[in-house]
Amino acid sequence: MFSRLMPREGKFFDLFNAHAEQITTGLRELAHVMSNFNEREQHARAVSAAEKSADKITHDCVQLLHRTFITPLDRDQIHALINMMDDILDLAEDIVECIDLYDIKSVTPEARQLADICVSCADRVKAAVAMLSNLDNGDAILRTCAQIDQLESDADRVMRSAISKLFRSPTDARDIIKLKAIYEQLEAITDKCEDVANLIEGILLENA
């Protein structure tokens, strides 16, 4: 009797999509920080705003999970997915905060390239999440997840090349440390996107 009074499903997919929208917004703003460094403050604020909006969505999703008796996906999968997605914007906010904290005066073409790869990953995370409500989209979802995996590999290659270049150039040791940290954080965003892709692949396999 009690179970019949509880929501059967909830709007989990709507929340996933809303969160993915904040991810794409936040990472585009992060890319603007890198490409328009003289205007970084306003774009950094936009990154933080997207992160706070995403936090609210994550909270709403977890609360809904507590109130919902029958969920469209495994409860642990829902919890893991929304939190993995939230990790992406947490890293983006960390990066803009580190730029200010480290008093970084300029960024490199490699940092801009990594930020652009992050945007491409975010676009594909959004696309994969949007298709998740209909598992008949399985082939398209898997193709999108494979693209995320490839982008993560591209980011890893760019990061390694960028760090190698740092240590081979006559750069102040403090600047090397600062930029290396930024490179690693940018690449970590693509790792988090790959984590989301891997989880979505697992959801497909379990529900096939």
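To be clear, the structure that these remarks concern was listed above.
So, here's what we can say about the structure. (Residues numbered from 1 in each chain as written. Predicted model: local features only at pLDDT ≥ 70, side-chain atom pairs only at ≥ 80, totals over all residues. Heavy atoms only, no water.)

### Describing the side chain of Glu187
Structurally, Glu187 can be placed in helix 6 (residues 173-207). With no salt bridge to any partner, buried Glu187 finds its closest opposite charge in Arg160, at an N-O distance of 7.8 Å. (Helix = DSSP H or I, 4+ residues; strand = E, 2+ residues; numbered from the N terminus. Buried < 20%, exposed > 50% of the residue type's maximum accessible area, 1.4 Å probe, protein only. Lys, Arg positive; Asp, Glu negative; His and termini not counted. Salt bridge = Lys/Arg side-chain N within 4 Å of Asp/Glu carboxyl O.)

### Side note on the layout of surface pockets
The gaps left among the atoms become clear once a water-sized probe is rolled over them. Counted as a void, the largest pocket has a volume near 250 Å³. Looking at the largest pocket, it is lined by 13 residues, and the ones nearest its centre are Arg40, Glu41, Ala44, Val96 and Asp100. Where the lining of the largest pocket is concerned, the elements lending two or more residues are helix 2 (40-67) and helix 3 (75-101). The leading source of residues in the lining of the largest pocket is helix 2, at 5 residues. Grouping the amino acids of the lining of the largest pocket by side-chain chemistry returns 5 nonpolar, 1 polar and 7 charged. (1 Å grid on protein atoms, 1.4 Å probe; cavity = no way out; pocket = protein on both sides within 12 Å on 5 of 7 lines; lining within 4 Å. Points joined across faces, edges and corners; volume = space filled by probe spheres on them. Nonpolar A, V, L, I, M, F, W, Y, C, P; charged D, E, K, R; others polar.)

### Here we look at the pattern of salt bridges
Enumeration according to the criterion identifies 11 salt bridges in this entry. Residue Arg28 pairs with Asp123 through a salt bridge whose shortest N-O separation is 2.7 Å. Residue Arg28 is located in helix 1 (residues 12-35), and its partner Asp123 is located in helix 4 (residues 109-131); the two are separated by 95 residues in the primary sequence. Of the residues examined, Arg28 reaches a relative accessible area of 40% and is grouped as partly exposed. The exposure class of Asp123 is partly exposed, given its relative accessible area of 30%. Where Asp60 meets Lys56, a salt bridge forms, and the shortest distance between an N and an O atom there is 2.8 Å. Note that Asp60 and Lys56 are positioned in helix 2 at a spacing of 4 residues, about one turn of the helix.

### As for helix 6
Taking 1.5 Å of rise per residue, the 35 residues of helix 6 would be expected to cover 51 Å, and the 51 Å separating its terminal C-alpha atoms lies within 8% of that figure. Among the residues of helix 6, the N-terminal cap falls to Asp172, whose side-chain oxygen and the backbone nitrogen of Arg174 are separated by 2.7 Å. (Expected span 1.5 Å × (residues − 1). Polar contact = N/O pair within 3.5 Å; in protein donor to acceptor, adjacent residues only side chain to side chain.)

### Side note on the state of the cysteines
Per the stated rule, a full pass over the model turns up 0 disulfides. The structure places no disulfide on Cys118, whose sulfur is separated from the nearest cysteine sulfur, that of Cys121, by 6.5 Å. Free of any disulfide, Cys121 has its nearest neighbouring cysteine sulfur in Cys193, separated by 4.7 Å. (Disulfide = S-S within 2.5 Å.)

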